[in-house]
Amino acid sequence: MPNSGPDFDRERRVAVAAAEEAGGLLRRRFGTAYCLRTKGESGDVQVDLDLASERLVLGRIRRHFPHDRILSEEAGLLDAAGERTWLVDPLDGSNNVAIGLPAYVVGIGLCLGGAPVMGVVHEPVTGETWHAVRGHGAHGASGPLPGPDPALPRPGPVVAWTQGYAVERGDPMAVALRAVLELRCRRVLQLWAPLLGWSLLARGTIDAFVGYRAEGVDLPTGALLAAEAGVELRTLSGAGFRPGFAGDDSGRSYVAARGETLAYLLREVGEATRHVA
């Protein structure tokens with residue numbers, strides 16, 4: 001990606017340090033987590049490590065940027081004046097951790113006027129960190145992230161899937177989308193950790209990501225990481241998609257891929273949505 005606009009270097013460094021500190025805590029205490037409560041009727045859970053990780057991350061952000069607004073997964077909105085909003089998911093994959101599955105990440109993003117400008121994803125299991133700044137590309141320890149191959153794989157693409165917690169189990173659109181993906185793709189991954197899916201896509205490990213009424217707190221961070229790695233973001237109807245955290249979740253449905261794979265998925269998804277409509 002061309003270098004243009006602010007580099008948000010200080011914000012990125014603070015976010016990386018916060019995510020890696022929280023990741024160290026999560027890694028050390030994995031296996032001892034206990035569930036504090038369930039959230040509504042969706043089956044989502046909150047574990048003690050959610051709160052422990054959040055305290056570390058919020059402490060660093062508030063110390064370095066005391067006048068910025070923060071929207072965090074557990075604490076909610078810590079309001080402030082101005083157009084800068086930090087997005088914090090201190091443990092993306094709580095449901096995985098609760099059952100002892102080591103698939104989880106820490107995500108921290110910064111939005112300016114509602115649009116993502118900086119994002120960091122840290123995976124405690126491997127110790128890897130990936131980060132992106134708008135207009136400056138996406139990077140990891142080994143350098144720029146390549147994104148997925150634009151060519152459609154012969155056996156079909158490997159696709160990650162996510163849906164928001166407010167989506168009911170029998171939602172007709174969700175059912176139709178999952179069905180067409182299972183039929184037309186080689187693999188459909190339901191990771192229970194959307195930021196992990198975004199990092200896989202940005203690294204080119206998977207071919208695409210499809211979301212339906214996705215959660216807002218982690219969407220901008222992950223979408224920026226993928227977009228800066230060359231991934232195209234579209235709505236289910238094929239229009240340009242702008243990832244945001246505010247507003248109704250009906251505006252947070254997307255297909256993220258490149259080239260032939262993107263065109264293929266938009267055709268399949270479009271057919272599924274027309275049948276539901």
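Residues numbered from 1 in each chain as written. Predicted model: local features only at pLDDT ≥ 70, side-chain atom pairs only at ≥ 80, totals over all residues. Heavy atoms only, no water.

(A) The arrangement of the overall build of the protein chain in detail. Looking only at helices and strands, the protein chain features seven helices and 15 strands. Taking 277 residues into account, the globule formula puts the C-alpha radius of gyration at 19 Å, and the protein chain, at 18 Å, falls close to it. Overall, the C-alpha framework of the protein chain stretches about 50 × 45 × 35 Å when taken along its three principal axes. Across the 277 residues that make up the protein chain, the buried fraction comes to 55%. Looking at the protein chain alone, contacts between residues at least 24 apart form 64% of all its contacts between residues at least 6 apart. On the protein chain, roughly 12100 Å² of surface is accessible, and the fraction owed to carbon and sulfur atoms is 50%. Each charge class in the protein chain can be summarised by its mean position, and for the 29 positive and 33 negative side chains these summaries are 2 Å apart. (Helix = DSSP H or I, 4+ residues; strand = E, 2+ residues; numbered from the N terminus. Rg over C-alpha atoms; globule rule 2.2 N^0.38 Å. Buried < 20%, exposed > 50% of the residue type's maximum accessible area, 1.4 Å probe, protein only. Contact = heavy atoms within 4.5 Å. Areas by Shrake-Rupley, 256 points an atom, 1.4 Å probe, with all protein chains shown as cover. Lys, Arg positive; Asp, Glu negative; His and termini not counted. Charge placed at Lys NZ, Arg CZ, Asp CG, Glu CD.)

(B) Structural context of the pattern of salt bridges. This structure, assessed with the given rule, holds twelve salt bridges. The partner of R29 in a salt bridge is D48, with the nearest N and O atoms 3.2 Å apart. In this pair, R29 is assigned in helix α1 (residues 9–29) and D48 in helix α2 (residues 48–64), connecting sequence segments 19 residues apart. Look at R29 and you get partly exposed, because its relative accessible area is 32%. Since its relative accessible area comes to 10%, D48 is described here as buried. Residue R69 pairs with D79 through a salt bridge whose shortest N-O separation is 2.9 Å. Taken as a pair, R69 in strand β3 (residues 69–72) and D79 in the loop between β4 (76–78) and β5 (84–92) lie far apart in primary sequence, ten residues in all. Overall, the relative accessible area of 18% leaves R69 in the buried class. Taken together, the shared-partner salt bridges in this structure form one network comprising D9, R12 and R13. (Salt bridge = Lys/Arg side-chain N within 4 Å of Asp/Glu carboxyl O.)

(C) Region of the structure containing the packing of aromatic side chains. What the rule picks out here adds up to six aromatic pairs. Aromatic side chains F30 and Y104 sit 5.6 Å apart centroid to centroid with 10° between the ring planes, which places their arrangement in the stacked category. A residue pair is termed long-range when its members are at least 10 positions apart, and F30 in the loop between α1 and β1 (35–39) and Y104 in the loop between α3 (94–98) and β6 (105–112) qualify at 74 residues. Through pairs of rings, three or more aromatic residues link up here, namely W198, F209, F241 and Y254. (Phe/Tyr/Trp six-rings, centres within 6.5 Å; stacked < 30°, edge-to-face > 60°.)

(D) How the structure looks around unusual backbone geometry. In this structure, F8 is a non-glycine residue whose phi angle is positive, near 45°. Looking at the secondary structure, you find F8 in the segment before α1. The backbone phi angle of W192 is positive, close to 60°, even though this residue is not glycine.

(E) Structural context of a nonpolar patch on the surface. Together, I99, L101 and W192 make up an exposed nonpolar region whose accessible area comes to about 340 Å². With respect to the helices and strands, the residue W192 is situated in the loop between β12 (187–189) and α5 (194–203). Classification of W192 by relative accessible area gives partly exposed; the value is 49%. (Patch = residues over 30% accessible without salt bridge, like charges linked within 9 Å, V, L, I, M, F, W, Y side chains within 5 Å.)

(F) Here's a closer look at the packing of α1 against α2. For the pair α1 and α2, the least separation of the axes is 9 Å and the interaxial angle reads 155°. If you check the angle between α1 and α2, you find them roughly antiparallel. The handedness of the crossing between α1 and α2 comes out as right-handed. On α2, the residues that touch R10, V14, A17, A18, E21, A22, L25, L26 and R29 of α1 are D48, L49, A52, S53, L56, V57, R60 and H64. Broken down by class, the residue content of the contact of α1 with α2 amounts to ten nonpolar, two polar and five charged. (Axes fitted to C-alpha atoms, helices over the stretch in contact; angles between N-to-C directions. Parallel < 35°, antiparallel > 145°, perpendicular 65-115°, else oblique. Left-handed = near helix turned anticlockwise from the far one by under 90°. Nonpolar A, V, L, I, M, F, W, Y, C, P; charged D, E, K, R; others polar.)

(G) Representation of the sheet that holds strand β11 (residues 158–163) in the model. With mixed pairing, five strands are arranged side by side in an open sheet as β12-β11-β13-β15-β14. On the outer flanks of this sheet lie β12 and β14 (232–234), each paired with one strand and no other. Each strand axis lies, on average, 20° off the axis of its neighbour in the sheet, ignoring direction. Both strand β13 (residues 208–212) and strand β15 (residues 254–257) contribute to a ladder of three bridges, which runs antiparallel. Within the sheet, the bridge partner assigned to G211 lies in β15 and is Y254. Taken strand by strand, helix α4 (residues 172–184) contacts β11, β12 and β13, and its axis lies near 170° from that of β11. Across the sheet, helix α7 (residues 259–276) touches β11, β13, β14 and β15, and the angle it forms with β15 is around 155°. (Pairing = 2+ DSSP bridges.)

(H) Summary view of the pairing of β11. In terms of residue burial, β11 counts as a mostly covered element, since five of its six residues are buried. Where β11 lies against β12, three bridges are found, and the strand directions are parallel. Looking at the pairing, A160 lines up with L189 of β12. A crossover links β11 with its parallel partner β12, the connecting element being α4, and its sense is right-handed. Two elements, β11 and β13, share five bridges in a ladder whose sense is parallel. Across the sheet, the residue bridging to Q163 is Y212, located in β13. (Right-handed = clockwise from strand over helix to strand, strands pointing away.)

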